[in-house]
Amino acid sequence: MLNKQVVREVLAAAMSTGGDFAEIFVEDRFNNSIEMIKGKVEKSLSGRDYGVGIRIFQGFNSVYTYTCENGKSHLVEVAKKAAAALNGLPSRAMMDFVMEAPRNNHAVKIKPLSVAKSDKVDLMRRGNHAAETFSNDINQVIVSYLDYTQNVLIANTEGRFVEDERTRTRYVINSVAKRDGKMQNGNIGKGSGKGFELYNEIDVEWIGRESARIATTMLDAKSSPSGKFPVVLDNKFGGVIFHEACGHGLEATSVAKGNSVFADKLGQKIASDIVTAVDDGTVSNEWGSANYDDEGTPTQRNLLIEKGVLKGFMIDKLNARRMNMAITGSSRRQSYKYAPTSRMTNTYILGGTSKFNDMIESIEYGLYAKYLGGGSVNPATGEFNFATQEAYLIENGKITTPVKGATLIGTGLEILTKIEMVSDNFDSGEGMCGSVSGSIPAGLGQPALKVSEITVGGREEA
Amino acid sequence: MQTYLIDLLFEKGAAKGFEAQEIFYMRNKNTEISVYNGEIDKYNLSEDGGLSYRGMFKGKIGYAYTEKLDESALEMLVNEAFDNAIVLELEDAVFLHDGKGDYHKIDDFNPSLAQVPMTEKIAFMLNLEADLKKIDPRVKNVSNNSYDEVESFRWIKNTKGLDVKDTTNYCLAYAMPVVEDAQDTRTGLGYDISNDFYKLSKVAIIKDATTEALTMLGAKSTKSKVCPVIIKNETFAQLFSAYVGIFSAERIQKNLSAMSGKIGEVIASPAVTLIDDPHLPYGLASSSFDAEGVATQKKAIIENGVLKTYFHNLKTAHKDGIASTGNASKGSYKGTIGIAPSNLILTPGKLSFEEMVATIDEGVYVVSLQGLHAGIDTISGDFSLQCYGFMIESGKIGRPVSQITVAGNYFEMLKDIEQFSNDFKFSILSSDYTGSSSVKIKALTISGE
């Protein structure tokens, strides 16, 4: 990466016009991806991302610049050009870098870079076979594999100087079923901060079968009813509901400027008593974890909601100034091309005491969402939406017919207070989250939840 | 990008055993200015780029890319591309283009854009924010207020004689106000895009950003029903383009599209004509060559409801025994060759927007759709999307409505399009640069209370 002397000179150049803080982020990342369609490798791609991002603060103002070239004189020139956007006198900053003791809470046992492409292909073939042979209705199977290794150096004028390596692996199967001119798909995957050892721990055949099962099940689905009903949202990726309905509204990105419905609610009751939620970037080798965030701050476990009361936000360095609050080790970015900002890491609703079966039995007519799709939110209004991938009607306390095209909508403040039961089957899932600082791996998780009422947008009258 | 590095790369590739080789090089200059509360909030000035390399070995094409450009990177490119080629199991014939063809001259690059002093651009954004806040007391805040300027250089060169390059640029100013009244909050978006800074209209941005947001205040849900729906021009462009992959020959050949076998058939109502126009003056996706270096061409994809062609690149066209339509795409130097439209135009109709509204007794006018990445299924065609808009009552726009979804099936909807009005507009939020007019659909399902 870069040595301390170069870093020192670049930061000094960045501070030459009155900035009060400067930061350098160096990224060297190697990506691998392979795609298999109907059992044949159709795509295999690899490449190297490399670049340097420089950020300068002056009060609430920030300047950001990046470049792919890393020669010292070039970097100094780039830093000076960025600094020219501020017009003040040079500031002196402490620049005795404190070497952090190496920190590695997310050790990788088998580095993906050391694994032959043919071994990755074999792994894909196994999942493909399981999906293809699940049913005669399976028409197409797409298996995607990716891994990357991202090395970063983050240093700033507060004396921080850290280096970190982040490994990510992901395996996804999308099965398409076709019958009588109807087509449906099922998508199941696993993402992790582990190395290739992940595949000794998970069952890729199950991923294949499960995606094929969803696709074939949904062939028999009827259109979802429309209206307001009780809904049971299952665990794992079901956590996307909290991610969208509330999580984004707790990011300083929207809180600091007052553009979140939660901005003025700290210490207030915003959810029902049984809801406790955290954002935790320290979970070992989890999809959204890291040793340090992208500002070089050690990650931590942040309590967001405790027994229904709003306890905290996710805060980055710049917004910490506006909010006059402490940073939370959850500032993230897709790459050196983005200035970092407060983002979720792994966001969880913690387990409760209800039993899944009791939840279903308590509902006369409603919806059971087994697998959710993606969603989005407008933090200013709190209005969110998310799609269901596999859902069923609940009739007289029993799970009955599969239904398709059920989109769930509502507002964050409303849904949090309508969580009636929290079960004891917590499990996590993984997604990609897109926002101002790019697309990043975000962990999700929750136990099954019963919400007393959500607007379900389908195509049939209830 | 120095030419000697390319020569050296091709030398190394030939030594490795590649029969043909190609580079795709991109370099971007980006400027971003955000303003908040009368001060510069963010100021980003950047240059980036990368080199994509592909080589043909025994009829297979291996890819690799790098952002670090030095001699050591060349070794990595050649070795990785080789490893990626030999792992492929495709049987389809693949090609590199030889550079022959009729290249339309496009001259959209405006060299003076970057010369406009930064102080003027900053002043524009500061004034935009200030004026936006003054326009109505209910404008509480401006959550995002940014100026983006992008200059992009592209170069494709191969060992079969192709050597094409182009430079494009544009600037975009946008504002997202937050409006509030009686405990109700709404957001708006206004933007303007051009390759000439002096053509950006502050007045138009403010009008678009606030008019709709202010009239949305007080919106409430409505009863679930099936009714005629009008979708706003830019919003329909987004919905339409979210499905446009179904017309890609790649998806057809992989059995992933319901449009399979539909060439020459009626797939939409006679009101639908879709043109792919890569030569549109100042179109964001205008270019004389595609990502394989093939000359682009203007053509109808759907004509009066009849499907005329799929989008093709060299590989899919060869498989279907036709010529490429010039729609090879590459999202960036990081990707492999895919297929994408250029500027997409849904041909407008005759009636004005008001005249079209007057044809509906009871319906909903949808102005915004959310969760387009999640709430649509391109395989089955089903969609169910959170939306907001207005009630249509006795031929007039009525009260605002939110917390509802609109649901239907894309393939059925294409046939249920009664007409487009004449208020054509491109949307920068569509996944390709797509333009549409507001559209009246016979019936869709609205879910609310």
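Residues numbered from 1 in each chain as written. Chains lettered and ligands numbered in written order. Predicted model: local features only at pLDDT ≥ 70, side-chain atom pairs only at ≥ 80, totals over all residues.

### Topic: the overall build of chain B
Secondary structure summary: chain B contains 9 helices and 21 strands in total. Since a compact globule built from 449 residues should have a radius of gyration of about 22 Å, the 24 Å found for chain B is in line with a globular shape. When its C-alpha atoms are laid out on the principal axes, chain B stretches across 75 × 55 × 35 Å. A burial count over chain B gives 52% of its 449 residues as buried. Within chain B, residue pairs in contact and separated by at least 24 positions form 71% of the contacts whose partners lie at least 6 positions apart. (Helix = DSSP H or I, 4+ residues; strand = E, 2+ residues; numbered from the N terminus. Rg over C-alpha atoms; globule rule 2.2 N^0.38 Å. Buried ≥ 20, exposed ≤ 12 C-beta atoms within 10 Å, placed from the backbone. Contact = placed C-beta atoms within 7 Å.)

### What about the overall build of chain A?
When you go through chain A residue by residue, the secondary structure sums to 10 helices and 24 strands. Overall, chain A is about 70 × 55 × 35 Å in size when its C-alpha atoms are taken along their principal axes. Here the contacts in chain A between residues at least 6 apart in sequence split such that 75% fall between residues at least 24 apart.

### Concerning the sheet that holds strand 10 (residues 299–303) of chain B
Residue and element names in this part refer to chain B. In spatial order, the strands read 11-10-9-14-20-19; together these 6 strands make up an open sheet with mixed pairing. Single-partner strands in this sheet number two, and they are strand 11 (306–307) and strand 19 (425–427). Bridge count for strand 9 (residues 274–276) against strand 14 (residues 344–346) is 3 bridges, and the pairing is antiparallel. Looking at the pairing, Leu-274 lines up with Leu-346 of strand 14. Contacts between helix 5 (residues 233–242) and the sheet are confined to strand 14, strand 19 and strand 20 (434–436), with strand 20 contributing the most and set at about 130° to the helix. (Pairing = 2+ DSSP bridges. Axes fitted to C-alpha atoms, helices over the stretch in contact; angles between N-to-C directions.)

### Remarks on the packing of helix 3 (residues 118–134) of chain B against helix 4 (residues 202–216) of chain B
All names here are of chain B. Axis separation between helix 3 and helix 4 bottoms out at 10 Å; the angle between their running directions is 40°. What the angle tells us is that helix 3 and helix 4 run oblique. In this structure, the crossing between helix 3 and helix 4 has a hand that is right-handed. Residue-level contacts link Phe-124, Asn-127, Leu-128, Asp-131 and Leu-132 of helix 3 to Lys-202, Ile-205, Ile-206 and Ala-209 of helix 4. (Parallel < 35°, antiparallel > 145°, perpendicular 65-115°, else oblique. Left-handed = near helix turned anticlockwise from the far one by under 90°.)

### Observations concerning the interface of chain A and chain B
It is common to report an interface's size as the accessible area lost on association of the parts. Residue-level contacts link 65 residues of chain A with 58 residues of chain B. Partitioning the side of chain A that touches chain B into residue classes produces 21 nonpolar, 29 polar and 15 charged. One ladder, built from 4 bridges, connects strand 2 (residues 40–58) of chain A with strand 3 (residues 60–66) of chain B; its direction is parallel. Within strand 3 of chain B, the residue paired with Gly-47 of chain A across the bridge is Tyr-65 of chain B. (Nonpolar A, V, L, I, M, F, W, Y, C, P; charged D, E, K, R; others polar.)

### Section: the sheet that holds strand 22 (residues 438–446) of chain A
All names here are of chain A. Pairing within the open sheet is mixed, and its 6 strands lie in the order 12-11-10-15-22-21. What marks the edges here is a single partner per strand, and that holds for strand 12 (309–310) and strand 21 (427–435). Where strand 21 meets strand 22, 9 bridges bridge the pair, whose relative direction is antiparallel. The partner of Ser-428 across the bridge, within strand 22, is Gly-445.

### Overview of the nonpolar core
Membership of the largest hydrophobic core comes to 257 residues, with the highest contact counts inside it found for Ala-14, Ala-82 and Leu-367 of chain A. In this structure, this core is formed jointly by two domains, domain 1 (118–153 + 160–216) and domain 2 (219–449) of chain B, each of which donates at least three residues. Ignoring sequence-local partners within four residues, the contact set of Leu-367 of chain A consists of Phe-229, Val-231, Ala-391, Leu-393, Ile-394, Ala-406 and Val-456 of chain A. (Core = buried A, V, L, I, M, F, W, Y, C linked by C-beta atoms within 7 Å. Domains from an automatic or database assignment.)

### What about the domain arrangement of chain B?
Residue and element names in this part refer to chain B. For chain B, the assigned domains read domain 1 (118–153 + 160–216) and domain 2 (219–449). Relative placement of domain 1 and domain 2: their C-alpha centres are 24 Å apart. Facing the 11 residues of domain 1 at the interface are 12 residues of domain 2. Those elements giving two or more residues to the side of domain 1 that touches domain 2 turn out to be strand 5 (163–181), strand 7 (190–194) and helix 4. In terms of residue count, strand 5 provides more of the side of domain 1 that touches domain 2 than any other element does, 4 residues in total.

### Quick look at unusual backbone geometry
All names here are of chain B. The backbone of Gln-183 shows a phi angle near 70°, a positive value even though the residue is not glycine. Position of Gln-183 relative to the elements: it lies in the loop between strand 5 and strand 6 (184–187). Residue Gln-183 is classed as exposed on the basis of its 5 C-beta neighbours within 10 Å. Even without glycine at this site, Tyr-282 takes up a positive phi of about 65°. Mapped onto the elements, Tyr-282 comes out in the loop between strand 9 and strand 10.

### Description of the pairing of strand 8 (residues 225–231) of chain B
A regular strand carries its side chains on alternate faces of the sheet. All names here are of chain B. Relative to strand 21 (residues 439–447), strand 8 runs antiparallel, the two being bridged by 6 bridges. Residue Cys-227 lies in a different strand from strand 21, and its bridge partner there is Leu-444. Sheet analysis places strand 8 next to strand 15 (residues 362–370), joined by 3 bridges and oriented parallel. For Ile-230, the partnering residue across the bridge sits in strand 15 and is Tyr-365.

### Overview of the confidence of the model for chain B
With 100% of its residues at a pLDDT of 70 or more, chain B shows a mean pLDDT of 94. Here the prediction assigns the complex a pTM of 0.91, and the interface score ipTM is 0.89. (pLDDT = per-residue confidence, 0-100.)

### Points about the environment of Asp-382 of chain B
Along the chain, Asp-382 of chain B turns up in strand 16 (residues 382–393). Accessibility expressed as a C-beta count within 10 Å gives 25 for Asp-382 of chain B, which makes it buried. In sequence terms Asp-382 of chain B and Gly-408 of chain B are 26 residues apart; their C-alpha atoms lie 5.9 Å from each other. With residues up to four places along the chain from it excluded, the contact list for Asp-382 of chain B reads Lys-404 and Gly-405 of chain A together with Asp-377 and Asn-409 of chain B.

### Digging into helix 3 of chain B
Owing to its 3.6 residues per turn, the α-helix brings residues three or four apart onto one side. Residue and element names in this part refer to chain B. The end-to-end C-alpha distance of helix 3, which contains 17 residues, comes to 25 Å, matching closely the 24 Å that a straight helix rising 1.5 Å per residue would cover. Looking at helix 3, one finds that the buried residues are Phe-124, Met-125, Leu-128, Glu-129 and Leu-132. Down the axis of helix 3, the buried set is contained in an arc of 125°. They therefore lie on one face. Away from its buried face, by an angle of more than 90 degrees, helix 3 presents the exposed residues Thr-119, Glu-120, Ala-123, Asn-127, Ala-130 and Lys-134. On its buried face, helix 3 is in contact with strand 1 (20–36), strand 4 (139–158), strand 5 and helix 4. (Expected span 1.5 Å × (residues − 1). Arc of directions from axis to C-beta.)

### Focus: the packing of helix 1 (residues 4–14) of chain A against helix 2 (residues 72–83) of chain A
Residues and elements named next belong to chain A. Two numbers describe how helix 1 lies on helix 2: the axes approach to 7 Å, and their chain directions differ by 20°. The orientation of helix 1 with respect to helix 2, classified from their angle, is roughly parallel. With respect to the hand of their crossing, helix 1 and helix 2 are arranged in right-handed fashion. Across the interface between the two elements, Val-6, Glu-9, Val-10, Ala-13 and Ala-14 of helix 1 pack against Lys-72, Leu-75, Val-76, Ala-79, Lys-80, Ala-82 and Ala-83 of helix 2. In the contact of helix 1 with helix 2, the residues fall into 9 nonpolar, no polar and 3 charged.

### Some words on helix 1 (residues 3–16) of chain B
Residue and element names in this part refer to chain B. Taking 1.5 Å of rise per residue, the 14 residues of helix 1 would be expected to cover 20 Å, and the 20 Å separating its terminal C-alpha atoms lies within 8% of that figure. Within helix 1, the full set of buried residues consists of Leu-9, Phe-10 and Gly-13. End-on view of helix 1: buried residues confined to an arc of 95°, all on one side of the axis. Turned more than 90 degrees away from the buried face of helix 1, the exposed residues are Tyr-4, Asp-7 and Ala-15. At its buried positions, helix 1 is contacted by strand 1, strand 2 (39–57) and helix 2 (71–86). After helix 1 finishes, the residue Gly-17 shows a positive phi value of roughly 115°.

### So, the environment of Lys-236 of chain A
All names here are of chain A. Counting through the fold element by element, Lys-236 comes out in the loop between strand 9 (225–233) and helix 6 (240–245). For Lys-236 and Pro-447, which are 211 residues apart along the polypeptide, the C-alpha to C-alpha distance reads 7.2 Å. Apart from the residues lying within four places of it in its own chain, the contact partners of Lys-236 are Asp-427, Ser-428, Gly-429 and Gly-445.

### Regarding the pairing of strand 1 of chain B
All names here are of chain B. The pairing of strand 1 with strand 2 spans 17 bridges and is classified as antiparallel. Paired with Met-26 across the bridge in strand 2 is Gly-50. As paired elements, strand 1 and strand 4 share 13 bridges and run antiparallel to each other. Bridged to Glu-32 within strand 4 is Asp-148.

### Some thoughts on the environment of Tyr-338 of chain A
Residues and elements named next belong to chain A. Within the secondary structure, Tyr-338 sits in the loop between strand 13 (331–332) and strand 14 (341–342). In this structure the C-alpha to C-alpha distance between Tyr-338 and Arg-55, which are 283 residues apart in sequence, comes to 10.0 Å. When near neighbours in sequence (up to four residues on either side) are disregarded, Tyr-338 contacts Arg-333, Ser-437 and Gly-438.

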